[in-house]
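Fold and contact review
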Amino acid sequence: MSQKLILVLNCGSSSLKGAVLDNNSGEVLLSCLAEKLNLPDAYITFKVNGEKHKVDLSAKPDHTGAVEALMEELKAHGLDSRIGAIGHRVVSGGELYSESILVDDEVIAGIEKCIPLAPLHNPAHLLGLRAAQSIFKGLPNVVVFDTAFHQTMPEHAYKYAIPQEYYEKYGLRRYGAHGTSYRFVADETARFLGKDKKDLRMVIAHLGNGASITAVANGESRDTSMGLTPLEGLVMGTRSGDIDPSVFGFLAENANMTIAQITEMLNKKSGLLGISGLSNDCRTIEEEAAKGHKGAKLALDMFIYRLAKYIGSMAVAAGGLDALVFTGGIGENSDIIRERVISYLGFLGLNIDQEANLKARFGNAGVITTAGSKAVAVVIPTNEELMIAHDTARLSGL
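Residues numbered from 1 in each chain as written. Predicted model: local features only at pLDDT ≥ 70, side-chain atom pairs only at ≥ 80, totals over all residues. Heavy atoms only, no water.

Going by an unreviewed UniProt entry, the protein carries the name Acetate kinase and comes from Neisseria polysaccharea. Regarding the protein, the relevant UniProt record gives this comment under Sequence similarities (unreviewed entry): "Belongs to the acetokinase family." The record in UniProt for the protein states the following under Catalytic activity (unreviewed entry): "acetate + ATP = acetyl phosphate + ADP". (UniProt positions renumbered as here; feature names shortened; annotations may be inferred.)

**A short note on the pairing of strand E6 (residues 83-90)**
Residues in a regular strand point their side chains to alternate faces of the sheet. Counting buried positions along E6 gives 8 out of 8 residues, so the element sits mostly inside the fold. Taken together, the 5 bridges between strand E1 (residues 5-11) and E6 define a ladder with parallel strand orientation. Bridge pairing in E6 links Leu5 to Ile83. Two strands pair when backbone bridges link them, and E6 and strand E8 (residues 141-145) are joined in this way by 5 bridges, in the parallel orientation. Bridge pairing in E8 places Val90 opposite Phe145. (Buried < 20%, exposed > 50% of the residue type's maximum accessible area, 1.4 Å probe, protein only. Helix = DSSP H or I, 4+ residues; strand = E, 2+ residues; numbered from the N terminus. Pairing = 2+ DSSP bridges.)

**Comments concerning the sheet that holds strand E11 (residues 220-224)**
Here 6 strands make up an open sheet; going across it, the order is E11-E10-E9-E12-E14-E13 and the pairing mixed. What marks the edges here is a single partner per strand, and that holds for E11 and strand E13 (366-367). Note that strand E10 (residues 211-217) and E11 share 4 bridges and pair antiparallel. Bridging across to E11, Thr214 finds its partner in Thr224. Along the sheet, helix H6 (residues 179-193) contacts strand E9 (202-207), E10, E11, strand E12 (323-327), E13 and strand E14 (376-379); its crossing angle with E9, the most-contacted strand, is approximately 125 degrees. (Contact = heavy atoms within 4.5 Å. Axes fitted to C-alpha atoms, helices over the stretch in contact; angles between N-to-C directions.)

**Observations concerning the UniProt feature "site: Transition state stabilizer" (unreviewed entry) in the protein**
On the UniProt side, "site: Transition state stabilizer" (unreviewed entry) is annotated at positions that read His178 and Arg239 here. Position of His178 among the secondary structure elements: in the loop between helix H5 (165-170) and H6. For His178, the contacting residues outside a window of four places in its chain are Asp146, His206, Gly210, Ala211, Ser212 and Met226. Its place among the elements puts Arg239 in the loop between E11 and helix H7 (247-254).

**Digging into the sheet that holds E8**
The strand order across the open sheet formed by 8 strands is E5-E4-E3-E2-E1-E6-E8-E7, and the pairing between neighbours is mixed. On the outer flanks of this sheet lie strand E5 (51-56) and strand E7 (101-102), each paired with one strand and no other.

**Digging into the packing of aromatic side chains**
Applying the stated criterion across every chain yields a total of 3 aromatic pairs. Between Tyr97 and Phe145, the aromatic rings sit 4.6 Å apart at their centres with planes inclined by 5 degrees, giving stacked as the arrangement. You can see Tyr97 sitting in the loop between E6 and E7 and its partner Phe145 sitting in strand E8, a full 48 residues away along the chain. Between Tyr305 and Tyr344, the aromatic rings sit 5.9 Å apart at their centres with planes inclined by 55 degrees, giving tilted as the arrangement. In this pair, Tyr305 sits in helix H11 (residues 294-318) while Tyr344 sits in the loop between helix H13 (335-343) and helix H14 (354-359), placing the two residues 39 residues apart along the sequence. Taking the relative accessible area as the measure of exposure, Tyr305 reaches 42% and is therefore partly exposed. Sitting above the plane of the Tyr43 ring, Lys54 keeps its charged end 4.2 Å from the centroid. Note that Arg173 overlies the ring of Tyr158, its terminal NZ or CZ placed 3.7 Å from the centroid. (Phe/Tyr/Trp six-rings, centres within 6.5 Å; stacked < 30°, edge-to-face > 60°. Lys NZ or Arg CZ within 6 Å of the ring centre and 35° of its normal.)

**Notes on the pattern of salt bridges**
With the rule as written, the count across this model stands at 20 salt bridges. Among the ionic contacts, a cluster of salt bridges with common partners joins Arg174, Asp223 and Glu232. (Salt bridge = Lys/Arg side-chain N within 4 Å of Asp/Glu carboxyl O.)

**Considering the side chain of Ser276**
For Ser276, the location among the structural elements is in helix H9 (residues 271-276). A polar contact is formed between the side chain of Ser276 and the backbone oxygen of Leu272, at a distance of 2.7 Å. Within polar-contact distance, the side chain of Ser276 engages the backbone nitrogen of Leu278 at 2.9 Å. Excluding its chain neighbours within four sequence positions, the residues that come into contact with Ser276 are Ile285, His293, Gly295, Ala296 and Ala299. (Polar contact = N/O pair within 3.5 Å; in protein donor to acceptor, adjacent residues only side chain to side chain.)

Here you go:
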């Protein structure tokens, strides 16, 4: 019998990402991205053997339509019968889930219960989950939560300094995100450095359009920068990160904005985009800053400064620093940002190795600090899909 494959699904409110993986080798046999879901011009792009092609979804432009199109594509390549289980990324499992779990009715109810904690994401994950259950009949489904890894944070790290009744009644606390990536990268860093992860005090920066940072000690999350929602913490592509909460009252009074408008501005119009007035894409920001664009330069300066400050504070949470790890699209590819961040961190014993820093890009892992550094900085590419596939295979008994 041929090795069963794992289908990994990651549903956003208007998108669906999918990948078919061989759990043993980590090889991706097929991947897809559905975009503009619930709009008349919805479509899905498939990639097989390096070849891409687009399929129009206008006849059924929702998550179910996307999963049906995926099923047709799998049939066309003779892969449909080889799928053994389906793994789903779910953003928030709140305090209900501290690890991945096999899906049943109770788990679906649990994900529904966590909707207030991830109002944009969890409803979309549920749509994807139900579509998978109806189209891939009888196959086990496993959910992997972004928040699960952070359930080891101590109370003094996850609680907010507010009256405790809001925590008791509404679960108002810090949950963090990107946990699946952190779990993968913590393991991978230890393997790469030839150390036991329990002996490594790590600060891991997951930098993409959404960016966060986590302190890992004894292989566990001790603190992280994202909070109740992914808005807290670092400067991001379109999110403000940390900001005085009185901004809500100030803008309501002075700019006549509603809570919903302010929340949207902080989530979708701020960060690199808001500061630069140009773009939320880090590559564009770096290019324009190099040409002297003031807004782009400021956006880069603020992104780097906030990140360096957070690394210092996360070293406190980790109990010291053995390894600073960069991952995510920006962390894996921007030698400029890494170099400038490390230039702030000489006091932690980190010094950049220019040549190594340039080499560690485009999927290449590597140590990017000089031999004499007290701690190491290292680039480790993340692979959330593979982590989800591993969990799915394990929990579905493949």
